[in-house]
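# Observations on the three-dimensional arrangement
Residues per chain are reported as follows:
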Amino acid sequence: MDFNDTPQEADYRAQVKAWIAANAGEYLNPPAKPWALDDFVARSKAWQAKKHAAGYVGITWPKAVGGQGLSPMHQIIFNQEESRTHVPTGLYSIGLGMCIPTVFTHGSPEVAARYVPRALKGEEVWCQLFSEPVAGSDLASIRTRAVRDGDEWVINGQKVWTSFAHKSDFGIVVCRTDFDAPKHKGLTMFIVDMHAPGMEVRGIKQMSGGSDFNEVFFTDVRVKDTHRLGDVGEGWKVALTTLMHERLAVGGKPRHAPGYQTLMTVAAGIETDSGPAMERADVRQRIADTYIADEGIKLTQMRALSALSRGAMPGPEQSISKVVVAKTMQDMASFALDLSEASGFAVEPGSDLEKLQGSYMWSAGLRIAGGTDEILRNIIAERVLGLPGDLRPDKDTPFSQLKPL
Ligand SMILES: Cc1cc2nc3c(=O)[nH]c(=O)nc-3n(C[C@H](O)[C@H](O)[C@H](O)COP(=O)(O)OP(=O)(O)OC[C@H]3O[C@@H](n4cnc5c(N)ncnc54)[C@H](O)[C@@H]3O)c2cc1C
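Parameters at a glance
For every chain, the first residue of the written sequence is number 1, and numbering continues from 1 onward in sequence order. The predicted origin of the model limits local features to residues at a pLDDT of at least 70 and limits the giving and counting of side-chain atom pairs to 80 or more, whereas totals for whole chains, interfaces and linings rest on all residues. Secondary structure elements are defined from DSSP: runs of H or I of at least 4 residues count as helices, runs of E of at least 2 residues count as strands, and each element is numbered from the N terminus. We compute the radius of gyration over the C-alpha atoms and compare it with the globule rule, which gives 2.2 Å times the number of residues raised to the power 0.38. Any residue with 12 or fewer other C-beta atoms within 10 Å of its own C-beta is exposed, any with 20 or more is buried, and the rest are partly exposed; the C-beta atoms used are placed from the backbone. The contact criterion used is a C-beta to C-beta distance within 7 Å, with each C-beta placed from the backbone. If DSSP finds at least two bridges between two strands, the strands pair. Fitting a line to C-alpha atoms yields each axis, with helices limited to the stretch in contact; the angle taken between N-to-C directions then spans 0 to 180 degrees. A crossing counts as left-handed when the near helix is turned anticlockwise from the far one by less than a right angle, and as right-handed when that turn is clockwise. All amino acids are sorted into three groups, where Ala, Val, Leu, Ile, Met, Phe, Trp, Tyr, Cys and Pro are nonpolar, Asp, Glu, Lys and Arg are charged, and the leftover types, Gly among them, are polar. What fixes the domain bounds is an automatic or database domain assignment. Put simply, a nonpolar core is a cluster of buried Ala, Val, Leu, Ile, Met, Phe, Trp, Tyr and Cys residues tied together by C-beta atoms within 7 Å. We call a residue near a molecule or strand if the C-beta atom, set from the backbone, is within 6 Å of it. By the definition adopted for this analysis, an angle is roughly parallel if under 35 degrees, roughly antiparallel if over 145, roughly perpendicular if from 65 to 115, and oblique otherwise.

### Focus on the overall build of the protein chain
Helix and strand counts for the protein chain come out as 11 helices and 10 strands. In summary, the protein chain has a C-alpha radius of gyration of 23 Å against a globular reference of 22 Å for 405 residues, a match within 12%. Summarising its shape, the C-alpha atoms of the protein chain cover approximately 75 × 50 × 45 Å along the three principal directions. For the protein chain, with 405 residues in total, the buried portion stands at 34%. By sequence separation, contacts in the protein chain at least 24 residues apart represent 71% of the contacts at least 6 residues apart.

In structure tokens, the structure reads:
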């Protein structure tokens, strides 16, 4: 492994650093208080437009679709430098990270020309309409139905956990178009207008107080056949393009997430019944465990970066990072809040404990989004370690003959 930038990478990093220093302004420091949702959306749009004007969007995408045609290392360098700031970025991670690559890979050139440039400028926000109440890990079990009617399709059904659906203009939706084919074979993907008649978005309230994701109901929603992505019945293949990008997008430690240093700072200020927390063997052991996990994650990511820098693509071993990151965040935050007793509930705004409380609530979702711990462990077992595969007895049965849950 070589941890250093190549001379070309170092040049690009210097250019990015200089641009960020000149443009990030107030985002070089943390915000005084969390932004309200509409403020976050407005700030995200403004920052995306700035990046677009400077050529820092679609860094790895082909020039033909408005990208920069650079390597994944360029993207990573930009992300690393951007993540040192507090600029708002999450609004586009699903759209630009997963939906739009699916649109330009599987949509017609006309469709790509209509949607990709506006998404890159940040003018239009996208969401991913895959999960349903009975289809998450087993995505191929979705039931939202699309029926052809001349040049259009009529969609009926329900999606759930759709991040930012309430702030999105468009989405990619996977539907069942053939109930008599085996579950992976009867699916088709479409682009859908989130403001079309028959679309209803209902927010889901989270324990953190936020409302980032939604239920989405489709009642006779009409989509033109020109807005189909890929062939009829090929939706699974198209969805794999999205999921491949999802696995690359979710994985590393979230920006500014607390680590072992935060646990040390918190522990240093706590006096327990059995003496100063820092002198307790169990506390010191937890700090050491967190340090080991944090370092392991860093080195696993360095291994992936080293592969990218040599022009190779990181493989299924990328799943290791996400399994360890999410569980470590949750375990560490839970331990720190327990240690803080009642003050773990009544936290000071802006304090380390507040960060840990946020991390505790957010990490539960992180262990599910983009593949649950168990699913990622299956991937590691089957595709990294070569262990026998999970049982998939319903793979070849027509969907209409599968017993509903
Ligand atoms: C923060 C967040 C954001 C999300 N955003 C989106 C979004 O924008 N768009 C979207 O479409 N979806 C989104 N999701 C949904 C997410 O993709 C699903 O929640 C996830 O795939 C799990 O599906 P599920 O919730 O139906 O759980 P299930 O699949 O029902 O799993 C329930 C439990 O069973 C376990 N399990 C399931 N199958 C197996 C197996 N074969 N072996 C062992 N254990 C198994 C799981 O690990 C889990 O513990 C989001 C979820 C979260 C938490």
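On we go.
### Some details on the pairing of strand β1 (residues 126-129)
Across the two faces of β1 the burial is the same, with Trp126 and Gln128 and Cys127 and Leu129 all buried. The pairing of β1 with strand β4 (residues 170-176) spans four bridges and is classified as parallel. Within the sheet, the bridge partner assigned to Leu129 lies in β4 and is Val173.

### Details of the packing of helix α9 (residues 318-339) against helix α11 (residues 373-384)
The N-to-C vectors of α9 and α11 enclose an angle of 150°; their axes lie 9 Å apart at closest approach. In terms of crossing hand, the pair formed by α9 and α11 is left-handed. The segment α9 lies against α11, with Ser319, Ile320, Lys322, Val323 and Lys327 engaging Asp373, Leu376, Arg377, Ile379 and Ile380. Its residues placed into classes, the contact of α9 with α11 shows five nonpolar, one polar and four charged.

### Overview of the domain arrangement of the protein chain
For the protein chain, the assigned domains read domain 1 (7-88), domain 2 (126-246) and domain 3 (251-368). Between domain 1 and domain 3, the C-alpha centre-to-centre distance is 25 Å. If you look at the interface, domain 1 gives five residues, while domain 3 gives five residues. When grouped by side-chain class, the residues that make up the side of domain 1 that touches domain 3 number three nonpolar, one polar and one charged.

### Let's talk about the nonpolar core
Residues Phe190 and Val192 are the most contacted members of the largest nonpolar core, which totals 55 residues. Of all the elements, helix α4 (residues 93-106) adds the most residues to this core, at seven residues. Looking at this core, you find at least three residues from each of domain 1 (7-88) and domain 2 (126-246). Judged by nonpolar contacts, the second largest core, of 22 residues, contains Val266, Ile297, Leu356 and Leu376.

### Some remarks on the site of the ligand
Neighbouring the ligand are 19 residues; Phe130, Gly136, Ser137, Thr372 and Glu374 lie closest to it. Looking at the shell around the ligand, the elements that each hand over two or more residues are β1, β3 (152-163) and α11. Here the residues of the shell around the ligand are counted per class, giving eight nonpolar, nine polar and two charged.

### Thoughts on the environment of Cys127
The residue Cys127 is located in strand β1 in this model. By C-beta crowding, Cys127 is classed as buried, having 28 other C-beta atoms within 10 Å. Taking C-alpha positions, Cys127 is 9.2 Å from His166, a pair spaced 39 residues apart along the chain.

### Observations concerning the packing of helix α7 (residues 260-268) against helix α10 (residues 352-366)
Across the interface, α7 lies against α10 with an axial gap of 10 Å and an inter-helix angle of 130°. Here α7 is positioned oblique relative to α10, judged by the angle of their axes. Pair α7 / α10 crosses with left-handed handedness. Residues Thr262, Thr265 and Val266 of α7 lie in contact with α10, whose contacting residues are Asp352, Leu353, Lys355 and Leu356. Among the residues forming the contact of α7 with α10, the class breakdown is three nonpolar, two polar and two charged.

### Describing the pairing of strand β7 (residues 213-224)
Relative to β7, β3 is paired through 10 bridges, and the arrangement is antiparallel. For Lys159, the partnering residue across the bridge sits in β7 and is Val216. Where strand β6 (residues 199-203) and β7 come together, five bridges link them in antiparallel fashion. By the bridge assignment, Glu200 is partnered in β7 with Phe217.

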